[in-house]
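The residues making up each chain are set out below.
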Amino acid sequence: DVKVTQSSRYLVKRTGEKVFLECVQDMDHENMFWYRQDPGLGLRLIYFSYDVKMKEKGDIPEGYSVSREKKERFSLILESASTNQTSMYLCASSLSAGRSNSPLHFGNGTRLTVT
Amino acid sequence: GDSVTQMEGPVTLSEEAFLTINCTYTATGYPSLFWYVQYPGEGLQLLLKATKADDKGSNKGFEATYRKETTSFHLEKGSVQVSDSAVYFCALRGYSTLTFGKGTMLLVSP
């Protein structure tokens, strides 16, 4: 079974702090994704990565950046956290984009609260 | 661009009732279609998938058929259980990323 592990289940940070959310997958997947989930808005894509050191903006990249130095790890960075970034953050991985029938495998999520 | 529309919830049913959650999509080309389930406090789990027209995905008593002519992928289950209470997401994947519907909450009472 694919395992996607997010380093924290719950996180509380202060406005203006730099926040790192870490995600690791163990299936040698090329693609990795960061989504945020908010009530009434569903899941929205923040950033994704096709491969090591590659990244693409999703639908709502503002206020976020990402890092993928190793294939198994994809980090989401909030440069200066704000209260409107309070949300559930979900990381996912999948086989390469060319295999469009490949499902995404999700971690359990990190619930971030910015006060 | 790609989009997925699913019925709003919550859907409230009694145990052993029949379930249908509607999902329609708009996409270019021939996307793959998925249903994910999210139990309280957890991430999303893949429930079933279908990769081409007329394919039927099935898992744990749930089924959905890829209908290209109606651009639909409705989720069905013949007899729901209390343990099926969760949020269900319909999704499609074109070439790269997954596009989700907004989710439908299902509440099953004993």
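As a reminder, the structure under discussion sits directly above these lines.
Everything quoted here is computed from the prediction, not taken from an experiment. Within each chain, residue numbers correspond to sequence positions counted from 1 in written order. Naming scheme: in the order in which they are written, chains are lettered from A and ligands are numbered from 1. Totals for whole chains, interfaces and linings use every residue, but because this is a predicted model, local features are given only for residues with pLDDT of at least 70 and side-chain atom pairs only at 80 or more, for both listing and counting. Note: side-chain values were computed over all heavy atoms of the structure, leaving out hydrogens and water.

Engineer: Any chance you could explain the pairing of strand β10 (residues 87-94) of chain A here in plain terms?
Structural biologist: Two faces, one strand: in a regular strand the side chains alternate between the faces of the sheet. All names here are of chain A. Within β10, eight of the eight residues are buried, which leaves it mostly tucked inside the rest of the structure. Partly exposed residues are those whose accessible area sits between 20% and 50% of the maximum for their type, while under 20% is buried and over 50% is exposed, using a 1.4 Å probe and protein chains only. The secondary structure listing takes helices from DSSP runs of H or I that are at least 4 residues long and strands from runs of E that are at least 2 residues long, numbered from the N terminus. The alternating pattern of β10 places S87, Y89, C91 and S93 on one face and M88, L90, A92 and S94 on the opposite face, and all of these are buried. Here three bridges tie β10 to strand β12 (residues 110-114), and the two strands are oriented antiparallel to one another. Considered in β12, the bridge of M88 is made with R111. DSSP-based pairing: two strands are paired if at least 2 bridges between them are found. Sheet analysis places β10 next to strand β11 (residues 105-106), joined by two bridges and oriented antiparallel.

Engineer: I'm lost on the side chain of A:Q37 in this one. Help?
Structural biologist: The residue A:Q37 is located in strand β5 (residues 31-38) in this model. In the analysis that follows, any N or O atom pair within 3.5 Å is treated as a polar contact, provided that within protein one partner can donate a hydrogen and the other can accept it, and provided that, for residues neighboring in sequence, both atoms belong to side chains. At a separation of 2.8 Å, a polar atom in the side chain of A:Q37 contacts the side chain of B:Q38. With residues up to four places along the chain from it excluded, the contact list for A:Q37 reads A:G42, A:L43, A:S87, A:M88, A:L90, B:Q38 and B:F89. The contact criterion used is simple: two residues touch if any of their non-hydrogen atoms lie within 4.5 Å.

Engineer: What is the right way to read the state of the cysteines from this model?
Structural biologist: Two cysteines whose sulfur atoms are joined by a covalent bond form what is called a disulfide. All names here are of chain A. The disulfide definition used here is simple: a pair of cysteine sulfur atoms within 2.5 Å. Enumeration over the complete set of coordinates arrives at two disulfides over all chains. Between the sulfur of C23 and that of C91 lies a disulfide, 1.9 Å long from S to S. Linking C23 and C91, the disulfide has an S-S dihedral of approximately -80 degrees and is accordingly described as left-handed. Of this pair, C23 sits in strand β4 (residues 23-25) while C91 sits in strand β10, and the two are 68 residues apart along the sequence.

Engineer: Is there a simple way to think about the environment of B:V4 in this case?
Structural biologist: Residues and elements named next belong to chain B. With respect to the element layout, V4 can be found in strand β1 (residues 3-6). A C-alpha to C-alpha distance of 11 Å links V4 and N22, two positions 18 residues apart in sequence. Ignoring any residue separated from it by four or fewer positions in sequence, one finds V4 in contact with C23, T24, Y25, C90, A91, L92, T99, F100 and G101.

Engineer: Even after reading the chapter, I still don't get the pattern of salt bridges, so can you show me in this structure?
Structural biologist: Residue and element names in this part refer to chain A. Just to be clear on terms, a salt bridge is a Lys or Arg side-chain nitrogen sitting within 4 Å of an Asp or Glu carboxyl oxygen. Within this structure, the stated rule accounts for eight salt bridges over all chains. Between K71 and D28 there is a salt bridge, with its nearest N and O atoms 3.3 Å apart. Within this pair, whereas K71 is found in the loop between β8 (64-70) and β9 (73-78), its partner D28 is found in the loop between β4 and β5, the two being separated by 43 residues in sequence. Measuring nitrogen to oxygen at the nearest pair gives 2.9 Å for the salt bridge that ties D38 to R44. Assessed through its relative accessible area of 11%, D38 is described here as buried. Exposure remark for R44: the relative accessible area of 24% places this residue in the partly exposed category. Connected through salt bridges with shared partners, the residues R36, D38 and R44 form a single ionic network.

Engineer: Honestly, the sheet that holds strand β7 (residues 56-59) of chain B in this entry has me stumped. Any pointers?
Structural biologist: In sheet architecture, strand pairing relies on hydrogen bonds along the backbone and comes in two forms, parallel and antiparallel. All names here are of chain B. The antiparallel open sheet is built from four strands, whose spatial order is β3-β9-β8-β7. Two strands lie at the open edges of the sheet, namely β3 (19-21) and β7, each paired on one side alone. When strand polarity is set aside, the average angle formed by the axes of neighbouring strands in this sheet is 15 degrees. Bridge count between β3 and strand β9 (residues 75-77): three bridges; the pairing is antiparallel. Pairing of I21 across the sheet is with L75, part of β9. To obtain an axis, a line is fitted to C-alpha atoms, over the contacting stretch when the element is a helix, and the angle between two such axes runs from 0 to 180 degrees between their N-to-C directions.

Engineer: Any chance you could explain the nonpolar core here in plain terms?
Structural biologist: Most often, soluble globular proteins have nonpolar side chains that are buried together. Among the nonpolar cores identified, the biggest contains 25 residues, and B:L19, B:W35, B:L47, B:L48, B:F73, B:L75 and B:Y88 are the most heavily contacted of them. Looking at this core, the elements with two or more residues in it are β2 (11-14), β3, β4 (23-26), β5 (32-38), β6 (44-50), β8 (62-65), β10 (86-93) and β12 (104-109) of chain B. The greatest single-element share of this core, amounting to four residues, is contributed by β10(B). Apart from residues no more than four positions distant in its own chain, B:Y88 is found in contact with B:Q6, B:I21, B:W35, B:Y36, B:V37, B:L47, B:F62, B:L75, B:G103, B:T104 and B:L106. Formed by 20 residues, the second largest nonpolar core is a distinct cluster that contains A:V4, A:V19, A:F74 and A:L112. Side-chain atoms within 4.5 Å link the members of a nonpolar core, which is a set of buried Ala, Val, Leu, Ile, Met, Phe, Trp, Tyr and Cys residues.

Engineer: Sorry, what's going on with the interface of chain B and chain A here?
Structural biologist: In many analyses, interface size is given as the accessible surface area lost on bringing the parts together. Residue-level contacts link 20 residues of chain B with 26 residues of chain A. Taken together, both faces of the contact between chain B and chain A bury some 1,700 Å²; the carbon and sulfur share is 55%. Here's the idea: put two parts together, see how much 1.4 Å probe accessible area each one loses, and the total over both is what we call buried area. Contact with chain A buries area across many residues of chain B, yet B:L44, B:R93 and B:T97 alone supply 28% of it, more than any other trio. Between chain B and chain A we count zero salt bridges in total.

By themselves, these are just geometric observations and shouldn't be taken as functional.
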